[in-house]
Amino acid sequence: MNEEQRSVLLKSSSLFPPPEGVRLSYGTAGFREDATLLKSTVYRIGILAALRSLKTHSVIGLMITASHNRVSDNGVKIADPNGGMLSQFWEPFADSIANASDPHQLVLVLSLMLLILDFGLIDDFVRKEEISFNGNRVAEVLLGRDTRPSGESLLDAAKEGIRSIIGSVSHDMGLVTTPQLHWMVRARNMGLKSTEHDYFQQLSQSYRCLLDLIPDGNKTDRLNDKVLVDGANGIGGDKLEIFSEICDDLLVEVRNASKGEGILNEVVGADFVQKEKVVPVGFGPNDAGMRCASFDGDADRLVYFLVQPGSNKIDLVDGDKILSLFALFIKDQLSVIKGEGKAHNSYQASLGIVQTAYANGASTSFLKNLGLDVALTPTGVKYLHEKALEYDIGVYFEANGHGTILFSDTVLSWLEDKNREYSSISKDSEEQKAVSRLLAVSKLINQAVGDALSGLLLVEAVLRHTGWSIQKWNELYTDLPSRQLKVKVVDRTSVVTANAETVAVQPAGIQDAIDAQTVKYRHGRCFIRPSGTEDVIRVYAEAATQEEADCLANSVAKIVDQFLGSGSSH
């Protein structure tokens, strides 16, 4: 790093002093905190985004959002060249840069004994990653933010951070959902059109394609069959309203868009609906029997629900049910293609379903009984996404409604070849229609990250394809009652898990004690895992009845407390 670059960094970083006593950690959600504490962090992540762009020779994304958090919070995270999350290898660098105590520590890192200055933190990082400042490359970062009032000033901080790497440029994409920004980054790096208009056009065209391919027997008059969508008083509701004007095939009524009087994520949104299992603001008994859905604050989560008659309670149709609907549909289309009986059709596309241990046991049993390959990963989207990439078609969802479908380049090439083959020998055959549906799904679903808007469109298309009501969809299986608890502990790292967090291998003996309790209950299942953010151990329990699930969870919470707790659980 030359002296000019070092001088620019020292000067610009002095304008963004870090708050005292605040230490941040970059995780799946990036950095999140009270918005008043984030200017320094967002500025520094602007620097990191520019460095990431130089390293990868690609466009990088920087999104300012705190998703389903309260409106006074905000956050920042990076979208990698493929539209996915920041490489895990770079997360420690994000922590170090964000937590540097002053401009000089940002550029200079102390030696091991803090006696002499050695290399700058950024300087050392640049050397490790072989990042060039020779001016032959330009760093390019796409910026986006949600509707939070704090977003605009944090955006300015991000721009200043990007500018502090000489020659770097940023493009402000405006108010966007998180999935939109990730989609734009992925599209740009694939050499495709990448504006919001292009995003809407791709979704609209692929959605219409799926509707055109609905079996004749299921094509019905849908004029009065609309979906009611809770937009969490956020950006997702706004974008859905815009999309519905472009695509009149979608019958939707948006409630709780950001332009109303409601507060972002306050008694609204997918996170609230999924956890509380009651209607969000703006919904009530008059909506009983209607198909309802809810986005979260930045529209990367989607859940459906039914309002119970005469009540504010709901029947939740969560991410597990969305996954099951998608898996069934894709399995059926693959079966049509595989069933053609041609000797030269030796390629067999692999379909994999990826869940975490938090997926309801009834959903996992349902999927396995269909003959599907179901894999479990540790908790966290980055693990789910990574595992889904191992299949030709990988479907992953968390119960909270975050998930997507990934198509490998190999399977897309195969589908394109099959489409050309069928067009020449059996146009409009059931096999060609199945191929066309899968190609449409690959364009409709956001393969970068979970996307509530594209997910909603796919759910609506599949329900119309099958002719199912939301009630019939919800009856695919019945969830086992469950209970989640947290136990405060002195040191959460004392618990070490294996087998996708379903088995506790440390401390010694704790798993045997958990197993001894679990076998007492019908359909009993229980696991513990350390929290990633606080000194608590999380307990998850399932059983045949709610009372049994509660008893199992409480008994295991006591076991955790006996082994390493501080005497409290909730």
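Structural data are supplied above this passage.
Residues numbered from 1 in each chain as written. Predicted model: local features only at pLDDT ≥ 70, side-chain atom pairs only at ≥ 80, totals over all residues. Heavy atoms only, no water.

### Quick look at the packing of aromatic side chains
No. 1: Inspection of every chain in the model, using the stated rule, returns 15 aromatic pairs.
No. 2: For the pair Phe-283 and Phe-305, a centre-to-centre distance of 5.5 Å together with 65° between the ring planes defines the contact as edge-to-face. One end of the pair, Phe-283, is in the loop between helix H10 (270-276) and strand S8 (291-295); the other, Phe-305, is in strand S9 (residues 302-307), and 22 residues separate them in sequence.
No. 3: With a relative accessible area of 8%, Phe-283 lands in the buried category.
No. 4: Grouped by ring-pair contacts, the aromatic residues Trp-183, Tyr-199, Phe-200 and Phe-243 constitute a single cluster.
No. 5: We note Lys-321 situated over the ring of Tyr-477; from NZ or CZ to the ring centre the distance is 4.7 Å. (Phe/Tyr/Trp six-rings, centres within 6.5 Å; stacked < 30°, edge-to-face > 60°. Helix = DSSP H or I, 4+ residues; strand = E, 2+ residues; numbered from the N terminus. Buried < 20%, exposed > 50% of the residue type's maximum accessible area, 1.4 Å probe, protein only. Lys NZ or Arg CZ within 6 Å of the ring centre and 35° of its normal.)

### Overview of the pattern of salt bridges
No. 1: This model, assessed by the stated rule, comprises 28 salt bridges.
No. 2: In this structure, Asp-146 engages Arg-148 in a salt bridge whose closest nitrogen and oxygen atoms are separated by 3.0 Å. The two residues Asp-146 and Arg-148 agree in class, both being buried.
No. 3: Salt-bridge contacts for Arg-291 lead to Glu-460; the nearest nitrogen and oxygen are separated by 2.6 Å. Here Arg-291 is found in strand S8, whereas its partner Glu-460 is found in helix H16 (residues 452-466), with 169 residues between them in sequence.
No. 4: The buried category is assigned to Glu-460, whose relative accessible area is 3%.
No. 5: Via salt bridges that share partners, Lys-226, Glu-253, Arg-255 and Asp-287 belong to a single interconnected network. (Salt bridge = Lys/Arg side-chain N within 4 Å of Asp/Glu carboxyl O.)

### Description of the layout of surface pockets
No. 1: Empty space within the second largest pocket amounts to approximately 610 Å³.
No. 2: Forming the boundary of the second largest pocket are 25 residues, of which Arg-186, Met-190, Phe-407, Leu-412 and Gln-447 lie nearest the centre.
No. 3: Elements with a minimum of two residues in the lining of the second largest pocket: helix H7 (178-189), strand S14 (403-407), helix H14 (409-425) and helix H15 (430-444).
No. 4: Taken together, the residues of the lining of the second largest pocket break down into 13 nonpolar, 8 polar and 4 charged. (1 Å grid on protein atoms, 1.4 Å probe; cavity = no way out; pocket = protein on both sides within 12 Å on 5 of 7 lines; lining within 4 Å. Points joined across faces, edges and corners; volume = space filled by probe spheres on them. Nonpolar A, V, L, I, M, F, W, Y, C, P; charged D, E, K, R; others polar.)

### Description of the sheet that holds S8
No. 1: The 5 strands lie next to each other as S7-S6-S8-S9-S10, forming an open sheet whose pairing is mixed. The sheet is open, and its two edges are formed by strand S7 (252-257) and strand S10 (314-317), each paired on a single side. If you compare each strand with its neighbour and ignore which way they point, the axes differ by 25° on average.
No. 2: As defined by bridge partners, S8 adjoins S9 across 4 bridges and the pair is classed as antiparallel. From the neighbouring strand, Ser-294 faces S9, where its bridge partner is Val-303. (Pairing = 2+ DSSP bridges. Axes fitted to C-alpha atoms, helices over the stretch in contact; angles between N-to-C directions.)

### Describing the packing of helix H8 (residues 196-212) against H16
No. 1: Between H8 and H16, the least distance of the axes is 9 Å, while the angle of their chain directions is 10°. Comparing the axis directions of H8 and H16 gives the class roughly parallel. Contacts between H8 and H16 involve Tyr-199, Phe-200, Leu-203, Tyr-207, Leu-210 and Leu-211 from the former and Leu-453, Ser-454, Leu-457, Leu-458, Glu-460, Ala-461 and Arg-464 from the latter.
No. 2: Residue composition of the contact of H8 with H16, by class: 10 nonpolar, 1 polar and 2 charged. (Parallel < 35°, antiparallel > 145°, perpendicular 65-115°, else oblique. Contact = heavy atoms within 4.5 Å.)

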